[in-house]
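Structural characterization, general
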Amino acid sequence: MKRSEINALIQDAKEFFASFKFALPPWAFWSPERWKGKGDSEVVRNQLGWDLTDYGAGDFGKRGLILFTIRNGNLATHHPKNYAEKIMIVRENQICPMHFHWSKTEDIINRGGGNLVIELYGSTPGEELAKEPLAVSVDGFTRIVQPGGAVVLTPGESIFLEQGMYHRFYGEPGKGKVLVGEVSSVNDDNTDNRFHEPQARFPEIDEDESPLHLLCTDYPDYV
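To keep things clear, this report deals only with the structure shown in the data block. (Residues numbered from 1 in each chain as written. Predicted model: local features only at pLDDT ≥ 70, side-chain atom pairs only at ≥ 80, totals over all residues. Heavy atoms only, no water.)

Describing the pattern of salt bridges
Pairing is possible between side chains of opposite charge, provided their charged atoms come close. Applied cut-off: A pair is scored as a salt bridge if a Lys or Arg side-chain nitrogen falls within 4 Å of a carboxyl oxygen belonging to Asp or Glu. Accessibility here uses a 1.4 Å probe with only protein chains present; expressed as a share of the type maximum, an area under 20% marks a residue as buried, one over 50% as exposed, and anything in between as partly exposed. Helix numbering and strand numbering both begin at the N terminus, where a helix is a DSSP run of H or I of at least 4 residues and a strand a DSSP run of E of at least 2.
All told, the structure shown has 15 salt bridges when counted by the stated rule. One salt bridge connects arginine 45 with aspartate 40, and the closest N-O pair in it is separated by 2.7 Å. Under the relative-accessibility criterion, aspartate 40 is labelled exposed at 70%. The salt bridge involving arginine 201 is made with aspartate 189; its shortest N-O contact spans 3.1 Å. One end of the pair, arginine 201, is in the loop between β13 (194–195) and α3 (219–222); the other, aspartate 189, is in the loop between β12 (178–184) and β13, with twelve residues separating them in the sequence. Assigned by exposure class, arginine 201 and aspartate 189 land together as buried.

What follows is the structure in structure tokens.
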């Protein structure tokens, strides 16, 4: 992805969050220069902050995600914080690909805007898509979903995803962008994502202009 595209998407995200009066921490708006000397911080060590990916597909609008990690622990360093929180924007028909987590459990929450469609499968011991129905908790009530079936979350609704539960999601067409929250156990995007079809988690960046704000993957080059 071009840095200019990433900068424009971050600016759009800031405006979208503000339209819902969802406030980010002050360091979300720091310039790259202000991060110098901040490497010894929970933000940097635990990969908090801006995160954007096209999953290596080169078409962010069709396959991509922009999110901001607000808080997180660290599995590698045994950080005492054993939870994480993210805020995300999902566009109409913009797919977050089918994947599960070996370690993380999570609540995915529609915080406002359009409807979020989540397609689900269980997983086999060999980590393939299971053919059996699965039971999921939607706002605390159990729902049986057929393999590959969808749960549509309207604003205010949430779903609990267990370890090994394959899921992909996207915004329902015609309903607008979705403000999506995630509350989970510790998040580790380097080791805990099992994509059904192998793909990159973080993008390769063409530095055609300077960063507006740093992505969590930019920290090693700037702090």
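Focus: the environment of arginine 111
Test applied: The contact criterion used is simple: two residues touch if any of their non-hydrogen atoms lie within 4.5 Å.
Along the polypeptide, arginine 111 turns up in strand β5 (residues 106–113). Put simply, arginine 111 and glutamate 207 are 96 residues apart on the chain and 33 Å apart in space, counted from C-alpha to C-alpha. Dropping the residues within four chain positions of it, arginine 111 is found in contact with Ile87, Leu179, Val180 and Gly181.

Structural notes on the nonpolar core
For clarity, the threshold we go by: Side-chain atoms within 4.5 Å are what join buried Ala, Val, Leu, Ile, Met, Phe, Trp, Tyr and Cys residues into a set we call a nonpolar core.
Residues Trp50 and Ile66 are the most contacted members of the largest nonpolar core, which totals 28 residues. Of all the secondary structure elements, the ones that give two or more residues to this core are α1 (3–19), α2 (42–45), β1 (49–53), β2 (65–71) and β3 (84–90). Take this core: its biggest share by element is six residues, from α1. Not counting residues up to four positions away in its chain, the partners in contact with isoleucine 66 are Leu9, Ile10, Ala13, Trp50, Asp51, Leu52, Phe60, Met88 and Ile89. Membership of the second largest hydrophobic core comes to 23 residues, among which are Cys96, Ile108, Val151 and Phe195.

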